[in-house]
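Here is what each chain is made of, one letter per residue.
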Amino acid sequence: MGSRIYEVEVLTPVVIGGQDKLQSFEFIKEGDFLRVINFDKLFEMSFTKEGLIDTITKALETNPKGFKLSDVIEKYAIDIERCTRYRIKLDGVKNLQNEVVAFIKSAGRAYIPGSSLKGAVRSFITKALKDPLLKKYEEALDFAYEKNLKEKNPRNKIDPKEVDDKAEESIFSQPYFSPFKFLQISDTDFVPYEKMFGYEIKVMNICDSKVKWYHRQGNFDDPQSGLSIVAEGISPKTSLKGTMKIEDKFVFGSAVTSGLKDKFDGVSGYKDSVEFLTKVINSATERYISKEMEFYRNYKLIQIVKEYEKLMDILKKLAPNQFLIQLGFSTGYCSKTVGMYFKKESFSKLKVVDSSSKIYPELFPKTRRIIFKNGEIATIPGWIKVTIG
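So, here is what we can say about the structure in this document. Keep in mind it's a predicted model, so treat the numbers as computed, not measured.

Moving on: the overall build of the chain. Helix and strand content of the chain: 11 helices and 18 strands. The globule rule puts the C-alpha radius of gyration for 389 residues at 21 Å, and the 24 Å found for the chain is close to it. By its C-alpha atoms, the chain is 70 × 50 × 45 Å across when sized along the principal axes. For the chain, the exposed surface amounts to about 19,700 Å²; the carbon and sulfur share of it is 47%.

Okay, the nonpolar core next. In terms of nonpolar packing, the biggest core is built from 98 residues, with Val121, Ile125, Phe250, Leu277, Tyr296 and Tyr308 touching the most fellow members. It is helix H8 (residues 273-298) that contributes the most residues to this core, 11 residues altogether. Ignoring anything within four residues of it in the chain, the contact list for leucine 277 reads Val121, Ile125, Met244, Ile246, Phe250, Phe323 and Ile388. Counting residues in hydrophobic clusters, the runner-up holds 15 residues, among them Ile28, Val72, Tyr76 and Cys83.

Take the packing of aromatic side chains next. Overall, the coordinates contain 18 aromatic pairs when judged by the stated rule. Consider the rings of phenylalanine 124 and tyrosine 288, whose centres lie 5.8 Å apart with planes at 85 degrees: the pair is edge-to-face. Remark: tyrosine 288 occurs in helix H8 and phenylalanine 124 occurs in helix H4 (residues 114-127); sequence separation between them is 164 residues. Of the two residues, phenylalanine 124 and tyrosine 288, both sit in the buried class. Ring centres of tryptophan 213 and phenylalanine 372 lie 5.2 Å apart, and the angle between their planes is 90 degrees; on these two criteria the pair is classed as edge-to-face. One end of the pair, tryptophan 213, is in strand E11 (residues 210-215); the other, phenylalanine 372, is in strand E16 (residues 367-373), with 159 residues separating them in the sequence. Taking relative accessible area as the criterion, tryptophan 213 reaches 3% and is therefore assigned buried. On the basis of relative accessibility, which here comes to 1%, the residue phenylalanine 372 falls in the buried class. Taken together through their ring pairs, the aromatic side chains of Phe124, Tyr288, Phe295, Tyr296, Tyr299, Tyr308 and Trp383 make up a single cluster. We note arginine 87 situated over the ring of phenylalanine 33; from NZ or CZ to the ring centre the distance is 4.1 Å.

This paragraph deals with the packing of helix H5 (residues 131-150) against helix H11 (residues 344-353). Relative orientation of the contacting elements H5 and H11 amounts to 50 degrees, with a least axis distance of 9 Å. Here H11 runs oblique to H5, going by the angle between their axes. Read as a crossing pair, H5 and H11 show a hand that is left-handed. The segment H5 lies against H11, with Glu138, Leu141, Asp142, Ala144, Tyr145, Asn148 and Leu149 engaging Ser346, Lys349, Leu350, Val352 and Val353. Tallied by class, residues from the contact of H5 with H11 come to 7 nonpolar, 2 polar and 3 charged.

What follows deals with the pairing of E11. Where strand E10 (residues 196-207) and E11 come together, 4 bridges link them in antiparallel fashion. Bridge pairing in E11 links cysteine 207 to lysine 210. Taking the residues that link successive antiparallel strands as the turn, the E10-E11 hairpin has 2 residues, and the phi of aspartate 208 there is positive, at about 55 degrees. Note: E11 against strand E12 (residues 218-220), 3 bridges, orientation antiparallel. Bridging across to E12, tyrosine 214 finds its partner in asparagine 219. In this structure, the hairpin formed by E11 and E12 is closed by a connection of 2 residues.

The next point concerns the sheet that holds strand E15 (residues 322-326). Strands sit in the order E9-E14-E1-E18-E15 across an open sheet of 5 strands; the sheet is antiparallel. Of all the strands in the sheet, just strand E9 (183-185) and E15 have a single pairing partner and so form its edges. The sheet shows a mean angle of 30 degrees between the axes of neighbouring strands, taken without regard to direction. Note that strand E1 (residues 4-10) and strand E18 (residues 383-388) share 5 bridges and pair antiparallel. The residue bridging valine 8 from the neighbouring strand is valine 386, located in E18. Where H4 meets the sheet, its contacts fall on E1, E9, E15 and E18, and the angle it forms with E15 comes to roughly 95 degrees. Contacts between H8 and the sheet are confined to E1, strand E14 (239-246), E15 and E18, with E15 contributing the most and set at about 45 degrees to the helix.

Attention now goes to the layout of surface pockets. If you add up the space inside the second largest pocket, you get close to 390 Å³. If you trace the second largest pocket, you find 18 residues lining it, with Phe295, Met340, Leu363, Phe364 and Arg368 closest to the centre. The element contributing the most residues to the lining of the second largest pocket is H8, with 5 residues. Of the residues that constitute the lining of the second largest pocket, the class distribution is 10 nonpolar, 2 polar and 6 charged.

On to the pairing of strand E13 (residues 228-234). Burial runs high along E13: 7 of the 7 residues are buried. Alternating residues of E13 divide into Ser228, Val230, Glu232 and Ile234 and Ile229, Ala231 and Gly233, and every residue in both groups is buried. Sheet topology note: the E10/E13 ladder contains 7 bridges and is antiparallel. Counted as the bridge partner of methionine 196 is isoleucine 234 from E13.

Taken together, Tyr176, Phe177 and Val256 make up a surface patch of nonpolar side chains, about 320 Å² in accessible area. Among the structural elements, phenylalanine 177 can be located in the loop between helix H6 (160-172) and E9. For phenylalanine 177, a relative accessible area of 32% puts it in the partly exposed group.

The rules we used
Residues numbered from 1 in each chain as written. Predicted model: local features only at pLDDT ≥ 70, side-chain atom pairs only at ≥ 80, totals over all residues. Heavy atoms only, no water. Helix = DSSP H or I, 4+ residues; strand = E, 2+ residues; numbered from the N terminus. Rg over C-alpha atoms; globule rule 2.2 N^0.38 Å. Areas by Shrake-Rupley, 256 points an atom, 1.4 Å probe, with all protein chains shown as cover. Core = buried A, V, L, I, M, F, W, Y, C linked by side-chain atoms within 4.5 Å. Buried < 20%, exposed > 50% of the residue type's maximum accessible area, 1.4 Å probe, protein only. Contact = heavy atoms within 4.5 Å. Phe/Tyr/Trp six-rings, centres within 6.5 Å; stacked < 30°, edge-to-face > 60°. Lys NZ or Arg CZ within 6 Å of the ring centre and 35° of its normal. Axes fitted to C-alpha atoms, helices over the stretch in contact; angles between N-to-C directions. Parallel < 35°, antiparallel > 145°, perpendicular 65-115°, else oblique. Left-handed = near helix turned anticlockwise from the far one by under 90°. Nonpolar A, V, L, I, M, F, W, Y, C, P; charged D, E, K, R; others polar. Pairing = 2+ DSSP bridges. 1 Å grid on protein atoms, 1.4 Å probe; cavity = no way out; pocket = protein on both sides within 12 Å on 5 of 7 lines; lining within 4 Å. Points joined across faces, edges and corners; volume = space filled by probe spheres on them. Patch = residues over 30% accessible without salt bridge, like charges linked within 9 Å, V, L, I, M, F, W, Y side chains within 5 Å. Salt bridge = Lys/Arg side-chain N within 4 Å of Asp/Glu carboxyl O.

As structure tokens, then:
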């Protein structure tokens, strides 16, 4: 099967953070907008603006937190449009911090990397596996748990990442023989800046069976006391396109590679590899959404329950060539792993294997990241609808 065009429709804000963060001296807040400055262009103006570089350098060295770029722009009468990298709207952001999570970009323009989408696809496919295959992850965890308990030398202990690697190798084989080599997904086209917004994200933390909001200084009842993470994201209703190639070997295998067709319960009636892929992903998505709805109902976050009900309605109306999936920054442990199917005792073992992480066997994960708008709970990040042409 040759390459096909796929189209992404953003359903809830998508945030895919790169390694860089925008620091406060790199942007200017203008009402409901954020203007990001191109310092190369700004410094080019130093030829006609005597003292400009010295002023900026001294301020950043002596008082970086108190530095206000807008004051420099005004003092030197700089044409701000000439040194603007881009400008985006802040969507109901009440608390703008000293840094902003920057969306991943190429040549200064945002896009959804094919690797991010493929990673999400692989994660959701894994969540759809038959129960005996999902059990491979618990078996790998049991092995690591027993070895780490007995091992006295920390250098010889199993790294938590190896648990996933061991399980996946037993299910999907080594990378060269993996069916995923027959799935190729390109990057999307670039996102127009008018479709990029700034979003405010807060961390919900369950403490003593109650909803709290995390801050470095503790957990608070009032969400406005919680830490705000401001991030660049792609706005809902944005459409982007890329190419995708799903070879028949992805499903049926080859002489040296086993396919995926026998690894899932209830997946039948597909006419080609595209329909196979969408059926598998959507089966995992339905289970995942159902579990998240149950979680949020339990803690009475009704707005988020409503958001998931909307997603479930969309899921039930999808065509055979469409799937729903979550990807990107702040989507959490459940979205990226099979841990949502672990038993309570498994998390006790995971706490031993991954001693550096805060794992609470009674309830894990106990945190969720939620998008706020104008100080109110709005939605969850990262949900998209993918249509394969």
